[in-house]
Amino acid sequence: MKFFLDTADVEEIKKAVELGMCDGVTTNPSLIMKAGKDQKQVIKEICKIVDGSVSVEGIAETAEGMIKEAEEFSKWADNIVVKIPMTKEGLKAVRSLSKTGIKTNVTLVFSVSQALLAAKAGATYVSPFVGRLDDVSQDGMELIYAIMDIFMNYNFETEVIVASIRHPLHVVEAAHAGAHIATVPAAVLEKLWHHPLTDTGIEIFKEHHEKHKKTIK
Ligand code: G3P
């Protein structure tokens, strides 16, 4: 499973790249606002740090406007992927862009039918938001299992990015479901590798090593 980082914070991305756990990056207008930098400047910076795809999102609501934004974004770097909202106009834009080679990531997906239509339109990626479904007492991960089932039936090339991840179990479940990618906030990535019993175990081994060294002198 590929790990994308869900952030526009350059320092967070650098740390994940160092760890070897950053196969790509996803951003959105909220994450760009949080980063506090000009969108074009920060995306170009990120594209230089990350080899994999970097998703950038515009705000156009018509297919024509989305296509225009996509054409502009794709000039910024070779690894740009354009995030398109899951709307009727978005589907039209994705279908048109799929013929131009500009990669798309259909976002704000909350149902199987939305994911199915995005795949049929030729989206490169589809991003179902599991955390936001959990937030309204629906089982976000159930959506992932259902989407993966359908995608396997039809051999869709569209890759599923599990998004809106809130905790490590979302990542583990995404892997169980066979999702292609999990896009993970930096804070969740930190929780994936750390376990208190590992720390305790290391301390005990160090203590016993020192004790043993003294006894065999
Ligand atoms: O990639 C989409 C993600 O950033 C949305 O996450 O926490 O705003 O639901 P969240």
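Counting starts from 1 at the beginning of each chain's written sequence and moves along it residue by residue. Given that this is a predicted model, residues contribute local features only at a pLDDT of at least 70 and side-chain atom pairs are listed and counted only at 80 or more, while totals for whole chains, interfaces and linings are drawn from all residues. Each side-chain value is derived from all of the structure's non-hydrogen atoms; neither hydrogens nor water enter the calculation.

A short note on empty space enclosed by the protein
Reasoning step 1: In this analysis the probe radius is 1.4 Å and the grid spacing 1 Å, with only protein atoms considered; a cavity is a set of points the probe fits into but cannot get out of, a pocket is an open set with protein on both sides within 12 Å along at least five of seven lines, and lining residues have an atom within 4 Å of a point. Grid points are joined across faces, edges and corners, and a volume is the space filled by probe spheres set on the points. Throughout the structure, instances matching the rule amount to one cavity of 30 Å³ or more.
Reasoning step 2: Lining the largest cavity we find Gly58, Ile59, Ala60, Met66, Glu69, Ala70, Phe73, Val82, Lys83, Ile84 and Pro85.
Reasoning step 3: Elements supplying a minimum of two residues to the lining of the largest cavity: helix 4 (63-73) and strand 4 (80-85).
Reasoning step 4: When residue character is reported, Ala, Val, Leu, Ile, Met, Phe, Trp, Tyr, Cys and Pro are called nonpolar, Asp, Glu, Lys and Arg charged, and the others, Gly included, polar. Across the lining of the largest cavity, the residue classes break down as eight nonpolar, one polar and two charged. Where helices and strands are cited, they refer to DSSP runs of H or I of at least four residues and of E of at least two residues respectively, numbered from the N terminus.

What to know about the sheet that holds strand 7 (residues 159-162)
Reasoning step 1: Paired strands are those between which DSSP finds at least two bridges. Pairing in this closed barrel of eight strands is parallel, and the strands run 1-2-3-4-5-6-7-8 around the ring. This sheet shows a mean twist of 30 degrees between the axes of neighbouring strands, independent of strand direction.
Reasoning step 2: Where strand 6 (residues 125-128) meets strand 7, two bridges bridge the pair, whose relative direction is parallel. Looking across to strand 7, one finds that Val126 is bridged to Val160.
Reasoning step 3: In what follows, a contact means two residues having at least one pair of non-hydrogen atoms within 4.5 Å. Helix axes use the C-alpha atoms of the stretch in contact, all axes being lines fitted to C-alpha atoms, and the angles between their N-to-C directions lie in the range 0 to 180 degrees. Sheet strands in contact with helix 10 (residues 186-193) are strand 1 (2-6) and strand 8 (181-184), and its direction is about 140 degrees off that of strand 1.

Remarks on the pairing of strand 6
Reasoning step 1: Remark: exposure states derive from per-residue accessible area (1.4 Å probe, protein chains only) relative to the maximum for the residue type, with buried under 20%, exposed over 50%, and partly exposed in between. On strand 6, burial covers both faces: Tyr125 and Ser127 on one face and Val126 and Pro128 on the other are all buried.
Reasoning step 2: Strand direction decides the pairing type here: strand 5 (residues 104-109) and strand 6, joined by three bridges, are parallel. Along strand 6, the bridge assignment pairs Val109 with Pro128.
Reasoning step 3: Regarding the hand of the β-α-β motif, the stretch spanning strand 5, helix 6 (residues 112-120) and strand 6 is right-handed. Think of it like this: strands point away, you trace from the first strand over the helix to the second, and a clockwise trace means the crossover is right-handed.

Take it as geometry only, folks, not as evidence of what the structure does.
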